[in-house]
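What follows is each chain in one-letter form.
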Amino acid sequence: MCRIGSIKSKVPVHPSKALHLMLPQQEGHDNSGFAMVMQDLYGVFTEYKDKPLLSLACTQRGAQLVEDYMDSHNFVQLAEWIPKPNKQQGLDIKAMPYYIFRNYDYPEQYNDKTQEEREELMLDTRLALRKILEETNEGYVYSFWPDVLTLKEIGDPRDIATYFRLWDDSGMLVAKSIVTQCRQNTNYDIVRYAAHPFFIQGYTLCANGENTFYTKNMEYQKSLHRGYTGFESDSQNFIYTLHYVLRQLKWPIQYYKHVITPLPFAEAEQREDKKVLSVIRQSLGHLEINGPNTIIAVLPSGEMITCCDSKKLRPVVVGGDDTTIAISSEVCGLNAILPNRDMSKDIYPNEREVVVINNDLEVQRWKQ
Amino acid sequence: METVRTQDVSVNDLKWKIEYCAERCTMCGSCVATCTKNAIEACISHRSVTVSNAHQPEPVKEHKAIPVIKQVASIANACVGCGMCEKVCPNHAIKAVRNIDNRFNLLARDHGPIKRGGRTNLNAQRTLDSIIVGRISQMTDPALDSERHTFDIRAPFGRVLLPGELPLISENGQLTLTGKTPPVNWIYPLIFSDMSIGALSTRAWEAVSLATAYLNEKHNLPIRMCSGEGGMPVKLLESEKLKYMILQIASGHFGWNRIIKAMPRMKVDPAGILIKIGQGAKPGDGGLLPAAKVAEHVQAIRGVPKATLSSPPNHQGLYSIEESVQKMHLSLNAAFGFRVPVAIKCAASATSVSVYNNLLRDPYKICGGFFIDGIQGGTGAANEVSLDHTGHPIVSKLRECYLAAVKQGLQGQIPLWAGGGMGLTGNAAADAFKMICLGANGVFVGKILIQLLGCIGNENGRCNACSTGKCPTGICTQDPRLVKRLDVDKGAQNIVDYILALDSEMRKLMAPIGNSSLPVGRSDALVTTDKAIADKLGIQYVC
Ligand code: SF4
Ligand code: SF4
């Protein structure tokens, strides 16, 4: 079982904070990986917040292939941050030769295109790069989007952090929103793409648990959108459904919960909106989630949300203060980074609840 | 000495032979009175016996004429092994035993093809029994508690739209429906399948409908029952209970005159309409109700004289699938104001996937379900050659249809219902569950219901005399004397008890795989010990 956590803050925070949130939860864990998505970036990326940022782990040849592709598609490189790893002996990390974080400007022909069209371009570019790198086995591309940075690696989270010098807050790499996960690998071969958080077109998501409807979700999602690929992890089902319901169908956020964990028939029958709920359940039956799980997601608006499976089989807690709110699988994580918060205000969402943290750190909690 | 004539029929030529013990028989005559086939008779046998009537043994050889029960050596009166004589005999003096050296199939075609009812006796293979629910939730994810957790055991009957086709608008954070969507009823994933009044005795049909109403009203299980071709009593058409009924229209359109006339007085809508195109037990063959079963009340319900009623193999006037969708689906939808889902039932066939694909592409979005009936389905009457040699197993066909929909991203749009052999070994919950994991939304059952009422027929050639009007259990005959053998209340109770157990068993199967909703298409939950089945169905092979 993975442990997941996230931080949303009014002031930029450093990844070490996310690590401190996660490490107390690692007791008894195989520590097979660490991954995070940072959004609303500051430090080295402050000036390029509106320019797509490519997050990449690859070989030298992979880097060349990516460069060739980007050049030939008229993307103009604006800035680049390549971490200088600490290659000390004995670290438990299966490092790739290169980690590249690079801002691009849109191709010239996109100057007068709509935001929507640019968003499609960014997705297509990521998918194309993924294909090239997959075919040649030369690397991994995780996200290509403004103000979003993804880092994933296999190994012990502590050692991964040492390798990337995440323990020392140099001020280069900070963000107001971080979603992170430490892996316990269970079902799948250890592949980098299977590590959440996942990202697609402004949506970030990580999940703690199992989705026992993986097969039926996957079989359906494959035909829904070209971006729904990979399926290395059953947690990808959650993000694809989130993206589908909110971005493709343009439904309000509250319906996401109705899609993944519909109310039992008997309960839905009592509701005023039973007709709407019923057609949703009918038409999106193959996107229902079963099994024990909790998710943390970030929406394109920057709002951070969390909710659980319909039986509340996996834990999650939300807590914080005026400047920082964190979500964590286990409360020990919160205690590590926010020891002075008012614990009586911690929220343990139930199986029907969704908790939303907006950009002013106001916490909304509602029942589906 | 008599001369043996080679062509004479002897009991040795018949499928069942009577084992009779004259020493035990008291000549009460019960067996002869009970036998509906007139397969046994009382007669006098000339015996040479040794008797001793004194206090000490004083054996004396005597020649005696004694009354005995004897099997009739005739094809028309061939014993069907129903076991009623054994059941009724107070002295255990008689029973029927299988005669493996019989020549029945060679001799019984003297009046044309062999006709019988029941089920296939040749293709009763059980694919489902080599499939196991093998993906159990442990440690990585917890199993659910079948007693404590809530489970949503419901299946759609009706046309489902793609999410993008739903007439929903988003206003102030709320979705509102702005138009009509096709009617969909969420019902129990097991339908009491179409056995008509006519094929069944009125009492047997009544028992099934009683069980249906009871399960709905006392146990809150939304079980639906399909009428079968031929309509139903007007009283029922005009009662509230019609909502539990799916009305069937088959190629003979029998009973629809009365249904249409009753429409203005219907208090509620029926649960659905099922257009029967074909039937798994005799695909490509029409319906058949032999004259022997067309009793007065059947004539009344169907509006026909006493005669053998044949429904043609096709719906007249439908020459193509597009047309069938247009004509039949549209007119039946329209007849009930587009409030009642209309589904279609076909015999499983090598062509089922094409049919399903065509239905999925129908521009009216009007087909509310595809019922596929496999070769192991039952029938009231058919040629034996159809029963045993035509048809298609259901399991792989259902799977193929589901995967065809998956390929197009249309799974769930036209719910798939599978039948034909569900519950063949008495374990309908396991069969239903496995079919659901393979992609069915639900299953339909028929034979198992009449077996619960008391039918003793089986796949090994026992009884299957449903076409003769001489059903020994009173289930599929209209003979008032035989029909009295059936206790309606007890029969209904057997069905209710079975379905309640089945409902618990469904939970017992859902809980360990960690699902609180039906695992439609969750093929990853299944494994099989048969490599060929694994390859065909796309599930894991295990050994
Ligand atoms: S088994 Fe049935 S058909 Fe055969 S003799 Fe007995 S009662 Fe008659
Ligand atoms: S008992 Fe009646 S219903 Fe059953 S097989 Fe015999 S004739 Fe048919």
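Residues numbered from 1 in each chain as written. Chains lettered and ligands numbered in written order. Predicted model: local features only at pLDDT ≥ 70, side-chain atom pairs only at ≥ 80, totals over all residues. Heavy atoms only, no water.

1. A closer look at the overall build of chain B
Across its full length, chain B holds 16 helices and 23 strands. Here the C-alpha radius of gyration of chain B, 26 Å, is about what a compact globule of 543 residues would show, namely 24 Å. The principal-axis extents of the C-alpha atoms in chain B amount to approximately 105 × 60 × 45 Å. Out of the 543 residues in chain B, the part that is buried amounts to 56%. In chain B, once contacts between residues fewer than 6 apart in sequence are set aside, the share between residues at least 24 apart is 76%. Accessible area for chain B stands at about 23,200 Å²; split by element, carbon and sulfur atoms hold 53% of it. Considering chain B, the positive charge centre built from 59 side chains and the negative charge centre built from 45 side chains are found 3 Å apart. (Helix = DSSP H or I, 4+ residues; strand = E, 2+ residues; numbered from the N terminus. Rg over C-alpha atoms; globule rule 2.2 N^0.38 Å. Buried < 20%, exposed > 50% of the residue type's maximum accessible area, 1.4 Å probe, protein only. Contact = heavy atoms within 4.5 Å. Areas by Shrake-Rupley, 256 points an atom, 1.4 Å probe, with all protein chains shown as cover. Lys, Arg positive; Asp, Glu negative; His and termini not counted. Charge placed at Lys NZ, Arg CZ, Asp CG, Glu CD.)

2. A look at the sheet that holds strand β1 (residues 3–13) of chain A
Remark on secondary structure: sheet strands pair via backbone hydrogen bonds, oriented parallel or antiparallel. Residue and element names in this part refer to chain A. If you trace the 6 strands from one edge of the open sheet to the other, you get β7-β2-β8-β1-β14-β13, paired in antiparallel fashion. Taken across any chain shown, the strands that pair with only one partner, and hence form the sheet edges, are β7 (148–154) and β13 (317–320). Direction aside, the axes of adjacent strands within the sheet are offset by 15° on average. Pairing of strand β2 (residues 33–43) with strand β8 (residues 173–183) involves 10 bridges; the strand directions are antiparallel. Each residue of the ladder has a partner; that of V37, found in β8, is V179. (Pairing = 2+ DSSP bridges. Axes fitted to C-alpha atoms, helices over the stretch in contact; angles between N-to-C directions.)

3. Side note on the nonpolar core
Among the nonpolar cores identified, the biggest contains 107 residues, and F192, F370, M435 and M506 of chain B are the most heavily contacted of them. Setting aside chain neighbours within four positions, we find M506 of chain B in contact with I153, Y188, A429, A432, F433, I436 and L518 of chain B. Judged by nonpolar contacts, the second largest core, of 60 residues, contains C58, L91, L173 and F199 of chain A. (Core = buried A, V, L, I, M, F, W, Y, C linked by side-chain atoms within 4.5 Å.)

4. With respect to unusual backbone geometry
At the junction of H196 of chain A and P197 of chain A, the peptide bond is cis and its omega measures out at 5° in the coordinates. Here P197 of chain A shows up in the loop between β8 and β9 (198–200). The phi dihedral of L361 of chain A falls on the positive side, at around 60°, and the residue is not glycine. Residue classification places L361 of chain A among the buried positions, given a relative accessible area of 10%. The phi dihedral of M27 of chain B is positive, around 60°, even though this residue is not glycine. Within the fold, M27 of chain B resides in the loop between β1 (16–20) and α1 (30–34).

5. Topic: the site of ligand 1
Within the structure, ligand 1 sits among I18, C35, I40, C79, V80, G81, C82, G83, M84, C85 and A96 of chain B. Partitioned by chemical class, the residues of the shell around ligand 1 number 9 nonpolar, 2 polar and no charged. (Near = heavy atom within 4 Å. Nonpolar A, V, L, I, M, F, W, Y, C, P; charged D, E, K, R; others polar.)

6. Some points on the interface of chain A and chain B
Counting residues at the interface gives 37 residues for chain A and 46 residues for chain B. Across the chain A/chain B interface, buried area totals approximately 3,300 Å², and carbon plus sulfur atoms make up 58% of it. When residues of chain A are sorted by the area they lose upon contact with chain B, F265, Q282 and K311 of chain A head the list and together hold 19% of the total. Seen at the junction of chain A and chain B, the total is 2 salt bridges. When the shortest N-O distance is used, the salt bridge between R281 of chain A and D152 of chain B registers 2.8 Å. If you look at where chain A meets chain B, you find 18 residue pairs in polar contact (both at pLDDT 80 or more). (Buried area = accessible area lost by both parts, 1.4 Å probe. Salt bridge = Lys/Arg side-chain N within 4 Å of Asp/Glu carboxyl O. Polar contact = N/O pair within 3.5 Å; in protein donor to acceptor, adjacent residues only side chain to side chain.)

7. As for the side chain of H14 of chain A
All names here are of chain A. With respect to the helices and strands, the residue H14 is situated in the loop between β1 and α1 (15–22). For H14, a relative accessible area of 6% puts it in the buried group. Those residues in contact with H14 that lie beyond four places of it in its chain are L166, W167, D168, D169, S170, L173, V174 and I178.

8. Notes on the packing of helix α8 (residues 321–335) of chain B against helix α9 (residues 352–360) of chain B
Residues and elements named next belong to chain B. Two elements in contact, α8 and α9, have axes whose closest approach is 10 Å; the angle formed by their N-to-C orientations is 50°. By the criterion of interaxial angle, the relationship of α8 to α9 is oblique. For α8 against α9, the interelement crossing comes out right-handed. Residues I321, E322 and V325 of α8 touch α9, and the partners they reach there are V355, N358 and L359. A breakdown of the residues in the contact of α8 with α9 according to their chemical character gives 4 nonpolar, 1 polar and 1 charged. (Parallel < 35°, antiparallel > 145°, perpendicular 65-115°, else oblique. Left-handed = near helix turned anticlockwise from the far one by under 90°.)

9. Re the domain arrangement of chain B
By domain assignment, chain B separates into domain 1 (11–51 + 61–112) and domain 2 (129–451 + 506–541). For domain 1 of chain B versus domain 2 of chain B, the distance between C-alpha centres works out to 42 Å. (Domains from an automatic or database assignment.)

10. Some thoughts on the site of ligand 2
All residues adjacent to ligand 2 are R119, C455, I456, G457, C463, N464, A465, C466, C471, P472, T473 and C476 of chain B. Classifying every residue of the shell around ligand 2 by side-chain character gives 8 nonpolar, 3 polar and 1 charged.

11. Quick notes on the pairing of strand β8 (residues 168–171) of chain B
Residues and elements named next belong to chain B. Relative to strand β9 (residues 174–177), β8 is paired through 4 bridges, and the arrangement is antiparallel. Counted as the bridge partner of L168 is L177 from β9. Connecting β8 to the next strand, β9, in antiparallel fashion are 2 residues, including N172 with a positive phi near 45°.

12. As for the pairing of strand β21 (residues 442–445) of chain B
Residue and element names in this part refer to chain B. Across the two faces of β21 the burial is the same, with G442 and F444 and V443 and V445 all buried. Pairing of strand β11 (residues 190–192) with β21 involves 3 bridges; the strand directions are parallel. Note that in β21 the partner of L190 across the bridge is V443. With 3 bridges connecting them, strand β20 (residues 416–419) and β21 associate as parallel partners. Note that in β21 the partner of G419 across the bridge is F444. Taken together, β20, helix α12 (residues 428–437) and β21 form a β-α-β motif whose crossover is right-handed. (Right-handed = clockwise from strand over helix to strand, strands pointing away.)

13. Quick word on the sheet that holds strand β6 (residues 139–146) of chain A
All names here are of chain A. Taking strand neighbours across the sheet as the criterion, the 4 strands line up as β4-β5-β3-β6 in an open arrangement whose pairing is antiparallel. Only two strands of the sheet have a single neighbouring strand rather than two, namely β4 (76–81) and β6. When the angles between neighbouring strand axes are averaged without regard to direction, this sheet yields 25°. Of the pairings in the sheet, the one linking β4 to strand β5 (residues 98–105) comprises 5 bridges and is antiparallel in character. Residue pairing for β5: W81 is matched across the bridge by F101. Running over the sheet, helix α2 (residues 60–72) touches β3 (52–58), β5 and β6 and is turned about 150° from β3.

14. Things to note about the packing of aromatic side chains
Residues and elements named next belong to chain A. Tallied over the full model, the rule gives 18 aromatic pairs over all chains. With a centroid separation of 6.0 Å and an interplanar angle of 70°, the aromatic rings of F75 and Y104 are classed as edge-to-face. Note that F75 is positioned in the loop between α2 and β4 and Y104 in strand β5, a separation of 29 residues in sequence. A relative accessible area of 4% places F75 in the buried class. In this arrangement the basic side chain of R130 is found over the ring face of Y193, its NZ or CZ atom lying 3.8 Å from the centre. (Phe/Tyr/Trp six-rings, centres within 6.5 Å; stacked < 30°, edge-to-face > 60°. Lys NZ or Arg CZ within 6 Å of the ring centre and 35° of its normal.)

15. Quick word on helix α15 (residues 488–510) of chain B
All names here are of chain B. Under the 1.5 Å per step criterion, the end-to-end length of α15 is 33 Å for 23 residues, consistent within 8% with the ideal 33 Å. Buried within α15 are the following residues: V488, G491, A492, I495, V496, Y498, I499, L502, D503, M506 and M510. Here the buried face of α15 lies against β11, α4 (202–219), α12 and α13 (447–453). In this structure D487 caps α15, since a side-chain oxygen of it lies 3.1 Å from the backbone nitrogen of D489. (Expected span 1.5 Å × (residues − 1).)

16. Some remarks on α1 of chain A
All names here are of chain A. Of all 8 residues that make up α1, 6 are buried, and the element is covered over most of its length. Of all the residues in α1, the buried ones are P15, S16, A18, L19, L21 and M22. Turning to α1, the residues buried within the fold contact β1, β2, α4 (157–163), β8, β14 (324–328) and α10 (331–337).

17. Remarks on the pattern of salt bridges
Taken as a whole and judged by the stated rule, the model has 44 salt bridges over all chains. Close ionic contact of D373 of chain B with K345 of chain B constitutes a salt bridge, the shortest N to O distance being 3.7 Å. Linking D373 of chain B in strand β18 (residues 370–373) with K345 of chain B in strand β17 (residues 342–347), this pair joins segments that are 28 residues apart in sequence. Relative accessible area serves as the criterion here: at 4%, K345 of chain B is assigned to the buried category. Ionic contacts of the salt-bridge type, sharing partners, join the residues E119, E120, D124, R226 and R247 of chain A into one network.

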